[in-house]
Amino acid sequence: MEASAATEVVIVGAGPVGLTLACDLARRGVGVRIVERARRFQVGTRARGVRGRTQEVFEDLGVLDALRGHAEAPLPSRFYDKDGNTVREAVMYDAPPVPGAPYPGSLMAGQHHTEAVLRERLASHGIAVELGCEFTGYAEDGEGVTAVLRSVGGREEVRARYVVGCDGAGSTVRKRAGISFLGETWERQRMLFGNLTADGLDDSVAHLWAEGPGGMLSLAPMPRSGTWFFTAPLPADGGGEPVSVEAFAKLFAERTGLSGVAFRDPVYLSVYQVNIRMVDRYRAGRVLLAGDAAHVHPPAGGQGMNTGVQDAYNLGWKLARVLRGAPESLLDTYEEERMPVARHVLDTTTARGRHWAASGPAQVADRMVGAFQGKDPFSDVSGLGVHYRGSSLARQLDESIGVRAGDRAPDAHADAGTGERVRLFDLFRGTHFTLLLFGNRPAPDTPAEVRVHRIAGDEAARRYGVEGDGLVLVRPDGYVALAGGAWDDRSVADYLALLAVE
Ligand SMILES: Cc1cc2nc3c(=O)[nH]c(=O)nc-3n(C[C@H](O)[C@H](O)[C@H](O)COP(=O)(O)OP(=O)(O)OC[C@H]3O[C@@H](n4cnc5c(N)ncnc54)[C@H](O)[C@@H]3O)c2cc1C
């Protein structure tokens, strides 16, 4: 056994959530180790819809441009009925403009690409994912945590201040922390999915056979990687069928009746089981959870990775601040803000999944296309509408401006006092708090960590609902901390004193 040098945070799991958190902590100078049980990096598409809010997070972390380099062109989706007739063809992931949101639609890139660009970013901070390194348990004391890791090199004990479990639905961290994962498993709802090569299919569209037992069978070309991403429901009474190209070909033939289509060269094949579960707490002492380790739900609307990335982004700045001396209670606001979001995602994906399953092929086409174009009866799948109003970190000074404390701070073009036109998201980018001041009222006292900008211009005033004076303090994760039209010298300093670092 080896006792290694201490680090500040051990992140367990190098999926999209662990990597997002690692990037956010690393850019804040936090000591991080990120360990991954798998011996090689995942291949295969899985989550391919990077939604609007996630793109904003990725822009802030400096990975959006690289991810765009892997994005698939938005091809139309063609929906068939049970007789193989086309009932609708539409580009699903193009969304209409949303004021204050530069990326209203989805960027389509396989999850392996998302993970790769995050790993590259992390490497630029000098941190590499430790492959083949499994977290097996931990012990906690007043000062920190001792995480136990196992790899080919043997057993290792790592001293850290915190452990974050980003280790997916089967989370060992969650189990060792004794946190329950309450909910249900839909035993009869299983899906074969993966990436392979398809010959004999029109590759200018995605194909969706909506009608049939167990739900939709889909095949989407991924021209940049030269493969097709498929999903196919497995028979409810099945079990034990091989996870193979032949199994998919059989399901395809039964569902579509098409001849002349052949499948080969699987890159990745797996089985997905619908689970609707979430934790009853996000933290046990010095151990926290994020992503699938904390919540899993039906795939309708593609929310899993996107929700997990937002967990990580909410947690990163808080954890870094606590490590630098802010009160530990700041970490409690992570659960306070993210647990209601997870509950909402579970409820809405379940309702949406049921709604789609009960629809005919033309209806399901309309509903799916509508969902990705901002017309979903259950929720907004873009993540742009997520807010933390009512959080103990949201402070409303008065009611005289439109934007509310806890809202996502919208983007806009403005004059930031230099005469130059700037983008607000460019002012927010980084690890700092940003203070936007509208009007002529004198600036309040601000600690050095806050970047202050006097904002002029109609577009920004309109987005923030300001007619005269306005003060908007924006958190490092892009949410409004403090908002109002009247303030005194101490308004900002008093707010930040509550989150003060030593
Ligand atoms: C077919 C399919 C389609 C999907 N489509 C979408 C979509 O369009 N949009 C969307 O948002 N989501 C989608 N999802 C969901 C998405 O893939 C997950 O929500 C996402 O992967 C969760 O990320 P994560 O980092 O929390 O966990 P994971 O991606 O599961 O990563 C966890 C990592 O932890 C590692 N690990 C586990 N235990 C240990 C241990 N003890 N020690 C060290 N490492 C460990 C695992 O090997 C793994 O690499 C889809 C999922 C599937 C299956």
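You'll find the protein chain entered in an unreviewed UniProt entry as FAD-dependent monooxygenase, with Glycomyces mayteni given as the organism. Regarding the protein chain, the UniProt comment filed under Cofactor (unreviewed entry) reads as follows: "FAD".

### Let's talk about the side chain of Arg 404
Within the element layout of this structure, Arg 404 appears in the loop between strand E21 (395-396) and strand E22 (413-415). Within polar-contact distance, the side chain of Arg 404 engages the backbone oxygen of Ile 401 at 3.2 Å. Residues contacting Arg 404, with those up to four places away along its chain left out, are Arg 389, Gln 396, Glu 399 and Val 480.

### Comments concerning the site of the ligand
Every one of the 31 residues lining the ligand counts as a neighbour, but Glu 36, Gln 111, Asp 292, Met 305 and Asn 306 are closest to it. Contacts to the ligand include Gln 111, whose side-chain N or O atom sits 2.8 Å from an oxygen atom. Sorting the residues of the shell around the ligand by element identifies helix H1 (16-27), strand E3 (32-36), strand E9 (134-140), strand E13 (181-199) and helix H7 (304-323) as the ones contributing at least two each. No other element matches H7, which puts three residues into the shell around the ligand. When the residues that make up the shell around the ligand are grouped by side-chain class, the tally is 13 nonpolar, eleven polar and seven charged.

### Things to note about the sheet that holds strand E2 (residues 9-12)
With mixed pairing, the six strands of this open sheet are ordered in space as E8-E3-E2-E12-E19-E18. The sheet is open, and its two edges are formed by strand E8 (130-131) and strand E18 (283-284), each paired on a single side. One ladder, built from two bridges, connects E18 with strand E19 (residues 287-289); its direction is antiparallel. In the strand pairing of E19, Ala 284 is matched with Val 287.

### Regarding unusual backbone geometry
Non-glycine residue Arg 46 carries a positive phi angle of around 35°. Along the chain, the position of Arg 46 falls in the loop between E3 and strand E4 (49-50). Here Arg 46 falls in the partly exposed class, since its relative accessible area comes to 29%.

### Digging into the pattern of salt bridges
Should their charged atoms come close, side chains of opposite charge can pair. Following the criterion strictly, the structure yields 38 salt bridges and no others. The salt bridge involving Arg 53 is made with Glu 56; its shortest N-O contact spans 2.6 Å. With Arg 53 and Glu 56 both in helix H2 (residues 52-61) and three residues apart, the pair spans about one turn of that helix. In this structure, the salt-bridge partner of Glu 459 is Arg 421, at a minimum N-O distance of 3.6 Å. Of this pair, Glu 459 sits in helix H11 (residues 458-464) while Arg 421 sits in strand E23 (residues 421-423), and the two are 38 residues apart along the sequence. Given a relative accessible area of 61%, Arg 421 falls into the exposed group. Put simply, Glu 59, Asp 411, Arg 423, Asp 426 and Arg 429 are held in one network by salt bridges that share partners.

### Considering H1
In a regular helix each residue adds 1.5 Å, so twelve residues correspond to 16 Å; H1 covers 17 Å between its end C-alpha atoms and thus fits that length. The buried count for H1 comes to twelve of twelve residues, which makes it a mostly enclosed element. Residues of H1 that are buried make contact with E2, E3, H2, helix H4 (111-124), strand E12 (162-165) and H7.

### Quick word on the domain arrangement of the protein chain
Per the domain assignment, the segments of the protein chain are domain 1 (2-71 + 100-182 + 276-350) and domain 2 (395-497). Of the roughly 1400 Å² buried between domain 1 and domain 2, counting both surfaces, carbon and sulfur atoms make up 43%. Three residues stand out in domain 1 for area buried against domain 2, namely Gly 100, Trp 317 and Arg 321, and they jointly supply 37% of the buried area on that side. At the junction of domain 1 with domain 2, the criterion picks out five salt bridges. Across the pair Glu 59 and Arg 429 runs a salt bridge whose closest N-O atoms are separated by 3.4 Å. Our count for the domain 1 to domain 2 interface comes out at eleven residue pairs in polar contact (both at pLDDT 80 or more). Secondary structure elements with two or more residues in the side of domain 1 that touches domain 2: H2 and H7.

### Side note on the nonpolar core
Residues Leu 319 and Leu 473 are the most contacted members of the largest nonpolar core, which totals 92 residues. Sequence-distant contacts of Leu 473, defined by excluding residues within four places in its chain, comprise Phe 433, Thr 434, Leu 435, Val 450, Tyr 479, Val 480, Ala 481, Leu 482, Val 492, Tyr 495 and Leu 496. Core analysis: the second largest hydrophobic core is formed by 21 residues, Val 403, Phe 425, Leu 427 and Val 480 among them.

### Focus: H4
For an α-helix the count is 3.6 residues per turn, leaving residues at separations of three or four pointing the same way. Across its 14 residues, H4 extends 20 Å between first and last C-alpha, which sits within 8% of the 20 Å expected from 1.5 Å per residue. Burial analysis of H4 places ten of its 14 residues in the buried class, the great majority of the element. Looking at the buried side of H4, the elements it contacts are H1, E3, E4, H2, helix H3 (64-68) and H7. Gly 126 sits one or two positions beyond H4 and adopts a positive phi of about 80°.

### Comments concerning the environment of Pro 102
Looking at the secondary structure, you find Pro 102 in the loop between strand E6 (86-91) and strand E7 (107-108). According to the relative accessible area criterion, Pro 102 is partly exposed, its value standing at 30%. Sequence separation between Pro 102 and Gly 419 is 317 residues; the distance between their C-alpha atoms is 22 Å. Not counting residues up to four positions away in its chain, the partners in contact with Pro 102 are Glu 56, Arg 408, Asp 411, Arg 423 and Phe 425.

Quick notes on the rules
Throughout, residues of each chain are indexed from 1 in the direction in which the sequence is written. Owing to the predicted nature of the model, reporting of local features is limited to residues with pLDDT of at least 70; listing and counting of side-chain atom pairs is limited to 80 or more, with chain, interface and lining totals taken over all residues. Values reported for side chains reflect all heavy atoms of the structure, with hydrogen atoms and water molecules removed beforehand. UniProt positions are given in the numbering used here, feature names are shortened, and annotations may be inferred rather than shown by experiment. Comment: elements are numbered from the N terminus, with helices defined as DSSP H or I runs of at least four residues and strands as E runs of at least two. Throughout this description, a polar contact denotes any pair of N or O atoms lying within 3.5 Å of each other; where both atoms belong to protein, one of them has to be capable of donating a hydrogen while the other can accept it, and for residues adjacent in sequence the pair is counted only when both atoms sit in side chains. Here a residue-residue contact requires only that any non-hydrogen atoms of the pair lie within 4.5 Å. Here a residue is near a molecule or strand as soon as one of its heavy atoms is found within 4 Å of it. Residue type decides the class: Asp, Glu, Lys and Arg count as charged, Ala, Val, Leu, Ile, Met, Phe, Trp, Tyr, Cys and Pro as nonpolar, and the leftover types, Gly among them, as polar. The criterion for strand pairing is that DSSP finds at least two bridges linking the strands in question. Think of it in three bands: residues with accessible area under 20% of the maximum for their type are buried, residues over 50% are exposed, and the middle band is partly exposed, with areas taken using a 1.4 Å probe on protein chains only. The term salt bridge refers to a pairing of a side-chain nitrogen on Lys or Arg with a carboxyl oxygen on Asp or Glu at a separation within 4 Å. Given a helix with a known number of residues, its expected span is that number minus one, times 1.5 Å. For the domains described, the bounds stem from an automatic or database domain assignment. Note on definitions: buried area is the accessible-area loss of two parts on being combined, 1.4 Å probe, summed for both. Side-chain atoms within 4.5 Å are what join buried Ala, Val, Leu, Ile, Met, Phe, Trp, Tyr and Cys residues into a set we call a nonpolar core.

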